[in-house]
Amino acid sequence: MTQAPTPTADTVRRLVSSLLKDGAGGAAGPEVRPVAEGGEHSTWWVGARHVLRLAPDREAAVRQRRELRLRDLVRPHLPVAVPTGVAHGEWAPGLTYTLDTRVPGGSAEEHDVSAVGEADLAGLLTGLREVPARQAETLGVPRVAPRSLEALRRAAERAAGRLAAADEFDAARLQQLTLPAAVQLAAQPGTAVLVHHDLTGEHLVVSADGRVRGVLDWTHAVVGDPAEDIAGLATAVGSPAAVRAATLAGYGARPCLRGLWLARCDTLIRLAARLEDGNTDPLPLLRLQLRRAWEAILLERVTELRDEEADEEL
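Thresholds, definitions, all that
Residues numbered from 1 in each chain as written. Predicted model: local features only at pLDDT ≥ 70, side-chain atom pairs only at ≥ 80, totals over all residues. Heavy atoms only, no water. Axes fitted to C-alpha atoms, helices over the stretch in contact; angles between N-to-C directions. Helix = DSSP H or I, 4+ residues; strand = E, 2+ residues; numbered from the N terminus. Parallel < 35°, antiparallel > 145°, perpendicular 65-115°, else oblique. Left-handed = near helix turned anticlockwise from the far one by under 90°. Contact = heavy atoms within 4.5 Å. Nonpolar A, V, L, I, M, F, W, Y, C, P; charged D, E, K, R; others polar. Pairing = 2+ DSSP bridges. Phe/Tyr/Trp six-rings, centres within 6.5 Å; stacked < 30°, edge-to-face > 60°. Lys NZ or Arg CZ within 6 Å of the ring centre and 35° of its normal. Buried < 20%, exposed > 50% of the residue type's maximum accessible area, 1.4 Å probe, protein only.

Asks: So what's going on with the packing of helix α3 (residues 115-130) against helix α8 (residues 239-248)? Residues and values would help.
Replies: Here α3 crosses α8 at 55°, and the two axes come no closer than 8 Å. When the axes of α3 and α8 are compared, the pair comes out oblique. Helix-helix and strand crossings are classified by hand; for α3 and α8 the assignment is right-handed. In contact with Glu-118, Ala-119, Leu-121, Ala-122 and Leu-125 of α3, α8 contributes Ala-241, Arg-244, Ala-245, Ala-246 and Leu-248. Looking at the contact of α3 with α8, its residues break down into 8 nonpolar, no polar and 2 charged.

What follows is the structure in structure tokens.
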């Protein structure tokens with residue numbers, strides 16, 4: 001298998017100079033610098049107005065081509081911005097790029113989301129539910145079955161034990177998710193919607209006043225369990241804000257609690273894996289995501305959920 005080339009600043013500068021015909025950046029070309037966060041694409045800031053993403057392999061190129069079509073589908077349904085493409089093509093044989101207009105603002109790692117921002121997130125979740133799932137599938141968006149919370153709970157128990165030994169987590173806290181609760185919070189049939197599936201803090205564009213202005217990187221979108229996006233928001237903005245946004249979007253107790261527990265189990269597993277194998281995931285961010293996911297909410301105690309609460313009209 002041929003190894004993909006590694007893009008350099010000169011590679012990027014030559015590419016964007018050929019794309020930006022208005023002379024942006026002067027004779028020397030626009031200023032380019034790599035974006036430190038994120039690893040799925042090789043991502044570069046291009047001046048102050050654009051961002052260039054280079055697919056590092058052919059699988060990522062397939063997702064990026066699909067993303068271009070998907071963004072046009074979701075844009076009319078969302079109250080927040082979706083990146084607009086300026087140009088796209090191949091930067092190496094079989095490897096794609098997209099040059100997008102930069103959405104103004106910082107990330108959710110830089111700015112706290114305000115109460116009005118939570119309403120923006122509610123609008124995002126509502127809009128995703130309104131996107132025709134069948135139409136998304138015709139664009140190549142895969143349909144993914146809901147994860148088993150029982151299996152995830154078992155993996156999280158093992159991770160919690162390792163983290164407790166490293167003095168990173170009180171394993172007794174995981175006892176809140178009992179086996180009966182895991183069964184009770186199983187995903188319900190007929191609830192699949194379009195899911196962004198990667199609502200991390202770096203993919204939420206947040207302004208200094210706490211408004212959510214945009215959502216980036218739609219390459220991992222699937223048709224599936226809406227609790228996955230609630231889980232993503234729990235790690236990005238904290239469990240209370242995520243549950244408030246989901247409730248505003250019309251989700252009942254079951255998907256909110258399911259999303260909360262997906263986030264809690266996932267953050268335990270990711271942090272334990274990082275401590276064990278020493279991968280490149282930043283420890284401070286993983287610890288922050290763990291704290292956010294484990295913030296207390298009013299729905300902590302799982303009681304019997306009425307069937308009408310579970311049967312979302314999606």
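Asks: Run through the sheet that holds strand β8 (residues 204-206), naming residues and quoting values.
Replies: Ordered by their spatial adjacency, 3 strands build an open sheet running β6-β8-β9, and the pairing between neighbours is antiparallel. Only two strands of the sheet have a single partner each, and these edge strands are β6 (106-107) and β9 (212-215). Relative to β8, β6 runs antiparallel, the two being bridged by 2 bridges. By the bridge assignment, Gly-106 is partnered in β8 with Val-206.

Asks: So what's going on with the packing of aromatic side chains? Residues and values would help.
Replies: The tally for this structure, following the rule as stated, stands at 2 aromatic pairs. Following the ring pairs from residue to residue traces out a cluster consisting of Phe-169, Trp-261 and Trp-294. Over the face of the ring belonging to Trp-261 we find Arg-264, whose NZ or CZ atom lies 5.1 Å from the ring centre. The cationic tip of Arg-264 hangs over the ring face of Trp-294; the distance from NZ or CZ to the ring centre is 4.8 Å.

Asks: Account for the pairing of strand β2 (residues 42-46), with residues named and values stated.
Replies: Counting buried residues in β2 gives 4 out of 5 residues, a clear majority hidden from the surface. In the sheet, strand β1 (residues 32-34) pairs with β2 via 3 bridges, with the strands oriented antiparallel. Considered in β2, the bridge of Arg-33 is made with Trp-45. In this sheet, strand β3 (residues 50-54) lies alongside β2 in antiparallel orientation, the contact comprising 5 bridges. In the sheet register, Thr-43 faces β3, and the bridge partner there is Arg-53. A loop of 3 residues connects β2 with β3, the two strands running antiparallel in sequence, and Gly-47 in this loop sits at a positive phi of about 60°.

Asks: Help me get a handle on the environment of Ser-207, residues and values and all.
Replies: Looking at the secondary structure, you find Ser-207 in the loop between β8 and β9. Along the primary structure Ser-207 and Gly-117 are separated by 90 residues, whereas in three dimensions their C-alpha atoms are 9.2 Å apart. The residues contacting Ser-207, other than those within four sequence positions of it, are His-111 and Arg-213.

Function-wise, these values are silent; they only describe arrangement.
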